[in-house]
Amino acid sequence: RMPAKLYAVHGSHPCEAVKRAMDLKGVDYEVVEFPPPFHVPFQKLRFGKRTVPGIRFEDGSKLSGSSPILRRLDELAPEPRMYPDDRVAEAEAWGEEVLQAMARRLLWRAFSLNPGAMHGYQAGGKLPPLPRPVIRVMAPFVVRAESKMNAVSDAAVRADLQALGEHLAKVDSLIGEGVIGGAVPNAADLQIASSLRLIMTLQDLAPLLRDRPAAELARRLFGGQAGEVPAGTFPSAWLPANSSSSSASLSG
């Protein structure tokens, strides 16, 4: 009996969400890992889409994208439910459409401003980490390719940073209402918390995130995310009014 094969990029927040769901449901799987953006041609060939995660189940069926995979997992292994009710489904869709894309844009813009930070995000992956000199040479190509694919621009990132406080308030509200944050994680928990945990590695945003229920949920579900982009990377004029380029850090 062959386990499912999950095609992933190490540290990718939607990939981490799917991994956690499969662990919760006890679905046997192995990970095939690609460095970005070299996953693109393989994913297009295998799934018809460039993005990760993609999965090939034991029966040979294939799916691409975190939301379709999470829904399929509910069919394969009903407990614990990823989508117990409509409120969770609505929150998961928002996490996938809004927060997931935001985290991606913020991280790739941060890497364009501080390419040296990319090295730390390799920790814990299946692939051997590339030496710093190699990262330095590859960074312009990788960042340019990923920025183009993910529509990263100064205007988009500035808008993301200004909207972050409102999004965090929404997450805190979802926790307060019991939609997410319960004892057993659901699909919305995994989509939202995985994106937030990645955003929390951007130290310019530490003052905005510190001590919030949203940050606590992200730490609880996804522990210590590898990598850190130091404070002072984003121009101070881009940051929300209640954030600052301080040396504050979020340990996890």
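Criteria and thresholds
- Residues numbered from 1 in each chain as written.
- Predicted model: local features only at pLDDT ≥ 70, side-chain atom pairs only at ≥ 80, totals over all residues.
- Heavy atoms only, no water.
- Helix = DSSP H or I, 4+ residues; strand = E, 2+ residues; numbered from the N terminus.
- Rg over C-alpha atoms; globule rule 2.2 N^0.38 Å.
- Areas by Shrake-Rupley, 256 points an atom, 1.4 Å probe, with all protein chains shown as cover.
- Salt bridge = Lys/Arg side-chain N within 4 Å of Asp/Glu carboxyl O.
- Buried < 20%, exposed > 50% of the residue type's maximum accessible area, 1.4 Å probe, protein only.
- Pairing = 2+ DSSP bridges.
- Right-handed = clockwise from strand over helix to strand, strands pointing away.
- Expected span 1.5 Å × (residues − 1).
- pLDDT = per-residue confidence, 0-100.
- Contact = heavy atoms within 4.5 Å.
- Phe/Tyr/Trp six-rings, centres within 6.5 Å; stacked < 30°, edge-to-face > 60°.
- Lys NZ or Arg CZ within 6 Å of the ring centre and 35° of its normal.

Student: Now, about the overall build of the chain: what can you tell me, with residues and values included?
Tutor: The number of helices and strands found in the chain is nine helices and four strands. Along the chain, helices and strands appear, N-terminal first, in the series β-α-β-α-β-β-α-α-α-α-α-α-α. Against the globule reference of 18 Å for 252 residues, the chain gives a C-alpha radius of gyration of 18 Å, in line with a compact fold. Total accessible area computed for the chain in this model is approximately 11,300 Å², and 54% of it derives from carbon and sulfur atoms.

Student: Which residues make up the pattern of salt bridges, and what are the values?
Tutor: It is possible for side chains bearing opposite charge to pair when their charged atoms get close. One pass over the full model with this rule turns up ten salt bridges. Between Asp-59 and Arg-72 there is a salt bridge, with the nearest N and O atoms lying 3.7 Å from each other. Of this pair, Asp-59 sits in the loop between strand S3 (54-56) and strand S4 (62-64) while Arg-72 sits in helix H3 (residues 66-76); the two residues are 13 residues apart in sequence, bridging distant segments of the chain. Classification of Arg-72 as partly exposed rests on a relative accessible area of 23%. A salt bridge links Arg-72 to Glu-75; the shortest N-O distance between them is 2.7 Å. One end of the pair, Arg-72, and the other, Glu-75, are both in helix H3, three residues apart, so they sit about a helical turn from each other. Overlapping salt bridges, with partners in common, bring together Lys-25, Asp-74 and Arg-81 in one network.

Student: Lay out the pairing of strand S2 (residues 29-34) with the relevant residues and their values.
Tutor: Note that strand S1 (residues 4-9) and S2 share six bridges and pair parallel. From the neighbouring strand, Val-9 faces S2, where its bridge partner is Phe-34. With helix H1 (residues 13-25) bridging S1 and the parallel S2, this β-α-β connection has right-handed handedness.

Student: Give me the environment of Val-134: which residues, what numbers.
Tutor: Summarising the element assignment, Val-134 is placed in helix H5 (residues 132-149). Judged by its relative accessible area of 33%, Val-134 falls in the partly exposed class. On a C-alpha basis, the gap between Val-134 and Ala-193 in space is 31 Å, while along the polypeptide they are 59 residues apart.

Student: Describe unusual backbone geometry, and please don't skip the residues or the numbers.
Tutor: Here Val-52 and Pro-53 are connected by a cis peptide whose omega angle stands at 0 degrees. One non-glycine residue, Ala-151, adopts positive backbone phi at about 55 degrees. Among the secondary structure elements, Ala-151 is positioned in the loop between H5 and helix H6 (154-176). We note that Asp-211 has phi near 70 degrees; this positive angle belongs to a residue other than glycine.

Student: Explain H1 residue by residue, including any values.
Tutor: In this model, H1 (13 residues) spans 19 Å end to end at C-alpha, consistent with the 18 Å of a helix rising 1.5 Å per residue. Taken residue by residue, H1 has His-13, Pro-14, Cys-15, Ala-17, Val-18, Lys-19, Ala-21, Met-22 and Lys-25 as its buried positions. Once H1 ends, the next one or two residues include Gly-26, with phi positive near 70 degrees.

Student: So what about the confidence of the model for the chain? Which residues, and what values?
Tutor: Summarising the model, the chain shows a mean pLDDT of 93, and 96% of its residues fall at 70 or more. Every residue in residues 245-252 is under pLDDT 50, and counting partners more than four places away or in other chains gives 24 contacts.

Student: Before we move on, could you go through the packing of aromatic side chains and cite the residues and values that matter?
Tutor: All chains considered together, the criterion is met by six aromatic pairs. Summarising the aromatic geometry, the rings of Phe-38 and Phe-141 are spaced 6.0 Å apart at their centres and angled 40 degrees between planes, so their arrangement reads as tilted. Taken as a pair, Phe-38 in the loop between S2 and helix H2 (39-47) and Phe-141 in helix H5 lie far apart in primary sequence, 103 residues in all. Where Trp-108 meets Phe-111, the ring centres are 5.4 Å apart and the plane angle is 80 degrees; that geometry is what we call edge-to-face. Of the two residues, Trp-108 and Phe-111 both sit in helix H4 (residues 86-113), three residues apart, roughly one turn of that helix. Look at Trp-108 and you get buried, because its relative accessible area is 8%. Ring pairing ties together the aromatic residues Trp-108, Phe-111 and Tyr-121, which thus form one cluster. The ring of Phe-47 has Lys-62 sitting right over it, with the charged end atom 6.0 Å from the ring centre. We note Arg-71 situated over the ring of Tyr-83; from NZ or CZ to the ring centre the distance is 3.9 Å.

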